[in-house]
Each structure stands twice: as structure tokens, then as C-alpha cells.
Amino acid sequence: MSSTLDSPTPLKHTIESSQGLSVLKLSDAAVASKRVAREIGALIRQRASENRNCVLGLATGSTPIRVYRELVRMHREEGLSFHNVITFNLDEYFPIQPNAAQSYVRFMNEQLFDHIDIVRTNIHIPNGTIELEAVPGYCRDYDELIATTGGIDLQLLGIGRTGHIGFNEPGATRDTRTRLVKLDTLTRVDAVKDFGGMDQVPLLAITMGVDSILQSSRIRLLAFGEHKADIVQRSIEGPITSTIPASYLKTHRDVQYLLDDAAAECLSPSTLGETPQ
């Protein structure tokens, strides 16, 4: 099966680096999301043709919703089966019940899992209900389970205004693995609308670590809107630093940022280069 993807509208800008970083500036979020969904669908079908599982790392929040909607459409209208898919979500608030309105278990069920034919035992989302003293062992087991499946084939990411990937907040180092973390105040402020008040937003979360993410074979990061433009620019054009955990992605062999116009507006002309004819 060809890995070539047909984009529904022309690609506007592409840059690449020797480290394996590419940046795609697309006309809008819908086009970018459809492109990623098509890549995921092609990968699932390729693995199925080889009688192999496809292991996906999944993200939550508003950014990937269009990707999930397109995957659901592909399942319903194009016969895309998820029977050979194993998923690992990046993170979950702690503590939180799986049926809570803000839980990522509920989010993933409503946005994706309830609408496709995935085997339920193949779904893995960090458990926000375990006892605090059990968290370190649970996190080690989470990383080990990913390794046992053969590793993540494609990891879907968003980026927070702090530069976080997953819930790896500023200060996270390159070698971090799945663990319990304290959420940055800015991250909690951004979650207020979901929880109805700052005092209701959890202080903690379980997240895959930076190194856990970088073990993935492919990484696709989506960022949309002008509120992401500054951190996208700093992540791509700035130094690799623990103050912006997303900057570690530049060390990966196959990472791609997919941006709309607004999220790319702070990138320098020399980064974006000339518009392809």
C-alpha cells in the first residue's frame, strides 16, 4: 500500500530539518486533521494486510477532535476496521473518576471508541482512580506494556501554551517516563472552562514522559489558532530546553507539525521558505 496521501487542498509550505522534523502549514484545521486521519487509516490498513497490530498513541482536548471524527467517518463509510488497533492515551487527570464529565476516558469514548469496532481490551488510558502509593508501579507497568506491544507506531500530539506535550510541563527533562506530575498554573487556567472553576481543576495528572513519547516511530503534532503561534515558534525555532518540553521533539527521527495559518504566523520567513508553485 502506498504511503502517499492525497491532500484535499494544496499544501502551502513545507520545511524539513536534518533531525527528521517537518512543518506543514495548511489552509485550515480541517485540512490538517483530515491529512493526519488519512495517514493513520493507511497505517492501520497496512498493518492489517501484514497481520500485525497497529499501535496508536492518542491525545485529548479540542485539537484532535476533527481527526477522530474523520476516523469515525472512514470506519462507517470506507470500511476502516480498528480490530487490529491497540491504543495508549497520553495522560489523565489525577484523581478523577472515569465517568466524570472531564475525564479522558469519557472523552475518548464519546469522540472515538464508542463509534468504531476497536477491541475494548486494546484500549489503554492512564487510571485516575488508583491509590496514590500505587502510582509509581502503575506508571512503570504502563511503559512496559507499550514496549511489550512493540512500541507506538504513530503518536498524536497537541501542544499546550506552556510548551507541554502530554502533561510534561516546563522543567520536564528528556529522560522522563510515565509518572505523576503537578500541572502548571497556566494549564489549569486553560482547563477552567471544562471544570467550572479553578478550585475544581485537579492539581495533578498521570502522563507519559518525554522519553516515552520519543520512543514512538512517528509523531504528528497538531496546533491551531493564534494562541498557539508563540509557543509553536519557540518550540520549532528556539533551543532545545526543559522549559519548553515540546522542543525535545526536534531530536526525533520522524516528527511533523501540522499547523493552520494562525498557528504558523510567528514562524520566520526563513523557516517557512518560499511558497511552492
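Residues numbered from 1 in each chain as written. Predicted model: local features only at pLDDT ≥ 70, side-chain atom pairs only at ≥ 80, totals over all residues. Heavy atoms only, no water.

A. Layout of the pattern of salt bridges. Tallied over the full model, the rule gives 17 salt bridges. For the salt bridge of Arg73 with Glu78, the shortest nitrogen-to-oxygen distance reads 2.7 Å. Taking relative accessible area as the criterion, Arg73 reaches 26% and is therefore assigned partly exposed. Classification of Glu78 by relative accessible area gives partly exposed; the value is 41%. Linked by salt bridges that have partners in common, Glu39, Arg218, Arg220 and Asp254 make up one network. (Salt bridge = Lys/Arg side-chain N within 4 Å of Asp/Glu carboxyl O. Buried < 20%, exposed > 50% of the residue type's maximum accessible area, 1.4 Å probe, protein only.)

B. Geometry of the packing of aromatic side chains. Within this structure, the stated rule accounts for six aromatic pairs. Their ring planes at 90° and their centres at 5.1 Å tell us that Tyr93 and Phe195 sit as a pair that is edge-to-face. On the criterion of sequence distance, the pair formed by Tyr93 in strand β5 (residues 91–94) and Phe195 in helix α5 (residues 185–195) is long-range, its members being 102 residues apart. In this structure, Tyr93 and Phe195 share a single accessibility class: buried. Here the aromatic rings of Tyr104 and Phe167 are separated by 6.4 Å at their centres, their planes lie at 20°, and the arrangement is stacked. With a gap of 63 residues between them, Tyr104 in helix α3 (residues 104–111) and Phe167 in the loop between β7 (154–157) and β8 (179–182) connect regions that are remote in the sequence. According to the relative accessible area criterion, Phe167 is buried, its value standing at 4%. Through successive ring pairs, a cluster of aromatic residues spans Tyr93, Tyr104, Phe167 and Phe195. (Phe/Tyr/Trp six-rings, centres within 6.5 Å; stacked < 30°, edge-to-face > 60°. Helix = DSSP H or I, 4+ residues; strand = E, 2+ residues; numbered from the N terminus.)

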